[in-house]
Amino acid sequence: MPEGFNSFPSGYKPGKSKYIVVTGSVISGVGKGTFTSSLGTLLRLLHGYRVSPIKFDGYLNCDAGTLNPYRHGEVFVLEDGTECDLDLGTYERMLNLNLTRDNYLTAGKLFNLIIQKERKGEYLGRDVQFIPHVTGEVKLFLRNLALKTQADIVLVEVGGTVGDLENSYFLEAMRELAYEEGKENFCLISIVYILEPKSLGEQKSKAAQLGLKTLLSLGLKPDIIVCRAERPISQSIREKISVYSDVPLNRVFSLHDLTNIHRVPLFLRDSGVDQEVLRILSLPERKNQEFRKWEELVSRIDQARKKLKIALTGKYTAVKDSYISILKALEHTAPYLGVKPEIVWIESTELKDAGKHLEQVDGLIVPGGFGARGIEGKIACIRYARENRLPFLGLCLGFQLAVIEYARSVLGLDANSTEFQPETPHPVIDLMPEQKDQKNLGGTMRLGLQETILKPGTLVHRLYGRERIQERHRHRYEVNPKYVEKLESAGLVFSGRSPSGLMEFLELPGHPFFVATQSHPEFSSKPLSPSPLFKGFLQACLEYSESRTS
Ligand code: GLN
C-alpha cells in the first residue's frame, strides 16, 4: 500500500476485475465515447463479460444538473436520479445496461467528497495532497465500482484530451492504477485524430504523434492506438504511428467515420480490436448470443426503406445534442417497424402558422424544456395535432403543454403554468408544495425512476402491457389536482398516476395517438429494448402516413 492513503476497499482482490482506460489526444469530440461504448458492446454482448463503464469528467460541476443543454447537450438522467453527461446515455444504450451514480465521476464530485472528508478529519491529520489523496480517491472510486458491480472489466473513459490541466490528476491516477493492478489487468487505449487538411488532400500524423508524446511523458504507454479520421487510415500512417509509439502495427487500428453508431461495434469486431484487448488482459474470447440481436438490428436499419417525417419542436434546435436521447430512441425503435425517421425541426419561438409546418409530417413530438420561450408555438403545434388527428407524443414539458392546450381550447380557461406566468388565473400546471421552498437549483427536481399505475383499458396500458411501470423523471411542476376532474369530464383521460396521485400520463380517446407523459421514456429506451411508447407512436405515424398516401 502506498504511504498515506489506502485506495483498496476492504474485500478487494487485485486481478478479479480488469481495467480498460480510454484517453483521447489531438482534439475532443471525435467519438471517444462512441468507441468506448462500442467496445463495451462487444465485450458484454459478444463475449458475455460483465462490464462496468465509467466516465471521468473534468468539470468542477458536481453533476450535469445545472448545465445548459444549449451549450453542453442534453442532461441525461439515470434511474437513481443522477443528472449526468449525455455519454452515459450512449453507454446505457450501447451496453443495454442501466447505470448508477457510481458510473460517473466529475471533478466537482471528487473534490466535494475530498473536502467533506477533510472537514470530518478523515485524512488523519495529514496535509491533503493531489498525490496520494486526489489520485487515491479516484482509484478508490474505481475499485469500489469494480467491487460493487462484480465487474469482469471496468471500462474507463477519461474525458477531455491528454495535456489538459483538468484531467491531469485523473491520468496520474490511471498511471498508478496500471502499476498497482499489474500488466495483465490493465489495458490503455489511446484515441488519436488524424488530420486531413483539404488543401493537402492527404492524411497527416504529426498532431497525433505530439498527442502520443504528451501521453508518454505522463508515464502512460498505450497498449492499443485507435486512429480516428474522416476516411480509412492509410497503411503508411499506421506504420508511422506504430514506430513512433512502439505499439505493434496490429494494435494500431483505423476507425473512420461510419454512417451509424450501431455499426461501430461490428466494424471494431471485424478489425479485431476486441481480440487484441482480450489478449492484453489475458481473458479468453467467448461467444454470447446477445450480439446476434445487435447484428439483426443493424440489418434491420439497412433494410428500412420507408421514411417517416417526425416534427420535433424546441428552442434548442441549434444544438441537436440537446435532444439526443429522443433522436436515438426514434432511430433505434424505427427499424423494428421497418421505417426510417426523418426529423423536421420546428423552431417554436417564431412560429406563426403551425399548420404550415405540420401539414407535411407524420407525427409530432414536443419534448422537455424549461422557461417560457417558444411555449405558445408549441401549444399551437399540439392544438394542430389534436384537431387534425396527427400522432402526438408529449414528453415532460410536452405533457404539461398538452394539459394547458386542452384547458384553453376545450374548457375555455385562460390557463397556463406558473412557470411561465406566475399570476395566471388558471394555474393548471403548478409547483408541488415541496418544491416551493427550494433555494438550490442543482439536484432539487423530482428526479429518477418514479412509479406509475396505468389505468386498465387505456392505450398506454396496452402499449406497456402492464399496470405498474417505472420511468425516469426530471421536473419541478405538476398537473394541478384542482383541475383534474374538470379536464377529465371534458374528455381528457389521465391514463397513468403515481401511487401518491400525481398525473403521469394523458391520452385522448378517439384520437389515433395523442399521448403525453410527465416522464422521460427516451432515457430508458435502448436499441435492444426500445420504449413501448416510442414504438406505439411510430406505429401510429406509419398508419397516418399510409392513410395520407392511399
Ligand atoms: N419545466 C418543466 C418542469 O420543471 C418541465 C421540465 C422538463 O421538461 N424536463 O416541470
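Everything in this summary refers to the structure shown in the same document. (Residues numbered from 1 in each chain as written. Predicted model: local features only at pLDDT ≥ 70, side-chain atom pairs only at ≥ 80, totals over all residues. Heavy atoms only, no water.)

Once that is clear, we can look at the sheet that holds strand E14 (residues 415-417). The three strands lie next to each other as E14-E15-E18, forming an open sheet whose pairing is mixed. Two strands close off the open sheet at either side, each with one partner strand: E14 and strand E18 (477-479). Taking the axes of each pair of neighbouring strands and ignoring which way they run, one obtains an average angle of 30° across the sheet. The sheet contact formed by strand E15 (residues 426-431) and E18 spans three bridges and is antiparallel. In the strand pairing of E18, Leu-431 is matched with Tyr-477. (Pairing = 2+ DSSP bridges. Helix = DSSP H or I, 4+ residues; strand = E, 2+ residues; numbered from the N terminus. Axes fitted to C-alpha atoms, helices over the stretch in contact; angles between N-to-C directions.)

The omega torsion across Ile-131 and Pro-132 is 15°, close enough to zero to call that bond cis. Secondary-structure assignment places Pro-132 in helix H5 (residues 130-149). With a phi close to 60°, Arg-389 is a non-glycine residue in the positive phi region. Position of Arg-389 among the secondary structure elements: in the loop between helix H14 (375-387) and strand E13 (392-395).

Put simply, helix H4 (residues 107-119) and H5 touch, their axes get as near as 11 Å, and they point 115° apart. Here the hand of the crossing between H4 and H5 comes out right-handed. The segment H4 lies against H5, with Lys-109, Leu-110, Phe-111, Leu-113, Ile-114 and Lys-117 engaging Phe-130, Val-134, Glu-137, Val-138, Leu-140 and Phe-141. Split into classes, the residues belonging to the contact of H4 with H5 amount to nine nonpolar, no polar and three charged. (Left-handed = near helix turned anticlockwise from the far one by under 90°. Contact = heavy atoms within 4.5 Å. Nonpolar A, V, L, I, M, F, W, Y, C, P; charged D, E, K, R; others polar.)

On the secondary structure map, His-473 appears in strand E17 (residues 468-475). By relative accessible area, which is 0% here, His-473 ends up buried. One polar contact links His-473 to Glu-504, side chain to side chain, over a distance of 2.7 Å. Setting aside residues no more than four positions away along its own chain, His-473 makes contact with Val-77, Arg-446, Leu-447, Gly-448, Gln-450, Glu-504, Gln-518, Ser-519 and His-520. (Buried < 20%, exposed > 50% of the residue type's maximum accessible area, 1.4 Å probe, protein only. Polar contact = N/O pair within 3.5 Å; in protein donor to acceptor, adjacent residues only side chain to side chain.)

The subject of this paragraph is the site of the ligand. In the neighbourhood of the ligand, the contacting residues comprise Gly-368, Gly-369, Phe-370, Cys-396, Leu-397, Gln-400, Glu-419, Arg-474, His-475, Arg-476, Tyr-477 and His-520. At 2.9 Å from a nitrogen atom of the ligand is found a main-chain nitrogen or oxygen belonging to Arg-474. A distance of 3.3 Å separates a nitrogen atom of the ligand from a polar side-chain atom of His-520. Protein coverage of the free-state accessible area of the ligand, which is 300 Å², stands at 98%. Among the secondary structure elements, those contributing two or more residues to the shell around the ligand are helix H15 (397-409) and E17. Split by residue class, the shell around the ligand holds four nonpolar, five polar and three charged. (Near = heavy atom within 4 Å. Areas by Shrake-Rupley, 256 points an atom, 1.4 Å probe, with all protein chains shown as cover.)

Turning to the pairing of strand E1 (residues 18-24), a few remarks are in order. For E1, the buried fraction is high: seven of the seven residues fall into the buried class. The alternating pattern of E1 places Lys-18, Ile-20, Val-22 and Gly-24 and Tyr-19, Val-21 and Thr-23 on opposite faces, both of which are buried.

Right, let's get into the sheet that holds strand E11 (residues 339-347). Taken in spatial order, the nine strands of this open sheet run E11-E10-E12-E13-E21-E20-E19-E16-E17, and their pairing is mixed. At either end of the open sheet lies a strand with only one pairing partner, and these are E11 and E17. Between one strand axis and the next, the sheet turns by 30° as a mean value, whatever way the strands run. In the sheet, strand E10 (residues 306-314) pairs with strand E12 (residues 363-366) via three bridges, with the strands oriented parallel. Residue Ile-310 lies in a different strand from E12, and its bridge partner there is Gly-363.

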